[in-house]
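The chain contents come next:
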Amino acid sequence: MAELSVLGTDEVPIHTDADVVRVRQLVRAAAVAAKLSLVDQTKIVTAASELARNTLIYGGGGQAVVETVNDGRRRGIRALFRDEGPGIADVDLALTDGYTTGGGLGLGLSGARRLCDEFELDSAVGAGTCIQVTKWTR
Amino acid sequence: MERVPILKIGRVLLVSVQIDLQDQTALALQEDLSERIVSTGARGVLIEISALEIVDSFIGRMLSTIASISRVLDAETVVVGMRPAVAITLVELGLSLGGVRTALNVEKGLEILDRDMTVEDDNVIEDEPAGSAAGSVTEARWPN
Amino acid sequence: MAQSAAASQVLVKTGDEMSLDTELSRLLQILQVHEEDLLSRWTEAVSRQLRGRAVQLEVRRELTEIWNALRAGVAMGTTDAQSPAFDELRSLLAELSRTRARHGFSPRETAIGVLALKDSAQNVLDPAGDGSGLAELYREFLALGRLVDELEMFTFETFAEARERVIADQAEQLLELATPVVKLWDGIVALPLVGTLDSARTQVVMESLLQTLVDTGSAHAIIDITGVPAVDTQVAQHLLKTVVAARLMGAECIVSGIRPQIAQTMVALGIEFGDIATKATLADALALALSQTGTDIVRRAPRRRPRDS
């Protein structure tokens, strides 16, 4: 019924620590412009931070696409993280709290999923990973 | 890369994070703090994060690690000034910052540290008048 | 023969659309001759339904506008209510339904606006009321009926939308109203919750509680749920998360006033409060918070009145 329209798009390459910070700032600015509540802004920025770091550490770098979208009823922020790294062999396992291969807390993926309204993960071993998250205004 | 400044006030090291932390900056802060605790003999660490717009799992882990390291080095860590939205997000993320003490603001954080240190001072110094003893200890430890 | 053709037209809704247009515009031309009579009857019917809640002159002005827009649309050669030819008519109707919805008119009172056109037109064309006046206008009347029904549907949809918006606005206002965080003592605030808690309201209330802790520098909060008849899993989860979040900020929460039914539900749902302090009453919770802040309450023996002085 409702057509999803994209109101604005920004792309950032992720190759260094500083790029992760840049992704955070970009998502924050978009979330403010989309009039997300303060808590929701914080949630989507935190999720973006986790995912951007994953792209850098596990994917060997990649890019982020941040979009402001409208589904006809409400506005939202959609962020896409893409890398051409080794991919994720067991997606279910990777989404389990506390599971990590990189020495972290293992909350990056699972936590990011909890912080967003929509979470899509597409990964193939050897071909890379693509994760898209969306947060809607309430 | 920017570095977060560490201030020394009495027996407490004060870190006020005013920038959007890069992972490397966070790691550097962790190292700097460990060294400063040892070199100054500080008994308390106060990390003020009211300017932080987010705390993700990496920064969360940094805070926990700093608390653990400083405890090994005989200093108590208090994280102060976390924003409500940040706290709500951390809970949702599944991070509880185990082992990290928290306070609403710098003042209350200092109160906690003071109380701890006073208790210890009371335990250690039994024979001498409290005032002069505390004074001499202070001088002996921080000769600058 | 003619009848079956008309019936198939209505059912299949295709066929000679062109002839329907001409039929409708012919009907409107006939009605145009009796415009004064039609508008009077129409205004009368609508006003009767609104029972004096709208000024007759105003109603007539509205209906005249609708009538003109309808004729203008039909003159452009279509009977499709969705076509751009009826843009002006649709915006008129939308505005009317929104106003009606906001002013609390019923769906019937809103719908009558367009619907009464059918009856009024019938009365104008068939003053005797025995059907003789309509005998030759059967197909024409059918075309009008179809268009009016379409417009009717549109009016109703707009009305419903407007009502939903009113309800949403009110819900939002309620949310803002119902977040009273009160100061009980230096460094102790309380959040007395009253009424049913849904997930959205709990979230708003809890955020406002945490913000108050920062603003007032209060390290102790009491969440009193004496006035809450029931909690579901989600609400209980929000409560728990708030307590944990407050801890991350350096404040302690006490939950007081848990009713026996709520305690039973929570245990049945497997919700554990863990090491979160719970107290039976707000007074008990305050006593606990005071002792945590290092404040003692001392009950003094009633002072005796000196006898001689």
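Residues numbered from 1 in each chain as written. Chains lettered and ligands numbered in written order. Predicted model: local features only at pLDDT ≥ 70, side-chain atom pairs only at ≥ 80, totals over all residues. Heavy atoms only, no water.

Moving on, we get to helix α9 (residues 233-249) of chain C. Taking 1.5 Å of rise per residue, 17 residues should cover 24 Å, and α9(C) covers 24 Å from first to last C-alpha, within 8% of that figure. Buried within α9(C) are the following residues: Val235(C), Ala236(C), His238(C), Leu239(C), Leu240(C), Thr242(C), Val243(C), Ala245(C), Ala246(C), Leu248(C) and Met249(C). Close packing links the buried residues of α9(C) with α3 (84-93) and β5 (101-103) of chain B together with α8 (199-216), β3 (220-227), β4 (252-256) and α10 (260-269) of chain C. Gly250(C) lies just past α9(C) and shows a positive phi near 95°. (Helix = DSSP H or I, 4+ residues; strand = E, 2+ residues; numbered from the N terminus. Expected span 1.5 Å × (residues − 1). Buried < 20%, exposed > 50% of the residue type's maximum accessible area, 1.4 Å probe, protein only. Contact = heavy atoms within 4.5 Å.)

All names here are of chain C. Assignment of secondary structure puts arginine 90 in helix α5 (residues 87-102). Separated by 64 residues in sequence, arginine 90 and phenylalanine 154 have C-alpha atoms that sit 7.8 Å apart. Once residues within four sequence positions are removed from consideration, arginine 90 is found in contact with Ala81, Gln82, Ser83 and Phe154. Only 3.3 Å separates the side chain of arginine 90 from the backbone oxygen of glutamine 82, close enough to count as a polar contact. (Polar contact = N/O pair within 3.5 Å; in protein donor to acceptor, adjacent residues only side chain to side chain.)

What the domain assignment reports for chain C is domain 1 (2-173) and domain 2 (182-292). Between domain 1 of chain C and domain 2 of chain C, the C-alpha centre-to-centre distance is 56 Å. (Domains from an automatic or database assignment.)

Right, let's talk about the pairing of strand β4 (residues 118-124) of chain A for a bit. Residue and element names in this part refer to chain A. In this sheet, strand β5 (residues 128-136) lies alongside β4 in antiparallel orientation, the contact comprising 7 bridges. Paired with glutamate 118 across the strands is threonine 134, a residue of β5. Here β4 folds back onto β5 in antiparallel fashion, the turn holding 3 residues, of which glycine 126 has a positive phi close to 90°. (Pairing = 2+ DSSP bridges.)

A separate point is the packing of aromatic side chains. Tallied over the full model, the rule gives 1 aromatic pair over all chains. Lying over the aromatic face of Phe105(C), Arg100(C) brings its terminal NZ or CZ to 5.2 Å of the ring centre. (Phe/Tyr/Trp six-rings, centres within 6.5 Å; stacked < 30°, edge-to-face > 60°. Lys NZ or Arg CZ within 6 Å of the ring centre and 35° of its normal.)

Moving on to the sheet that holds strand β1 (residues 6-9) of chain B. Hydrogen bonds between backbone atoms are what pair the strands of a sheet, whose relative direction is either parallel or antiparallel. Residue and element names in this part refer to chain B. An order of β1-β2-β3-β4-β5 is seen for the 5 strands of this open sheet, with the pairing classed as mixed. A strand with exactly one partner marks an edge of an open sheet, and here the two such strands are β1 and β5. For this sheet, the mean angle separating the axes of adjacent strands, direction not counted, is 25°. Of the strand pairs in this sheet, strand β4 (residues 76-80) and β5 are connected by 3 bridges, and their pairing is parallel. Paired with valine 78 across the bridge in β5 is arginine 101. (Axes fitted to C-alpha atoms, helices over the stretch in contact; angles between N-to-C directions.)

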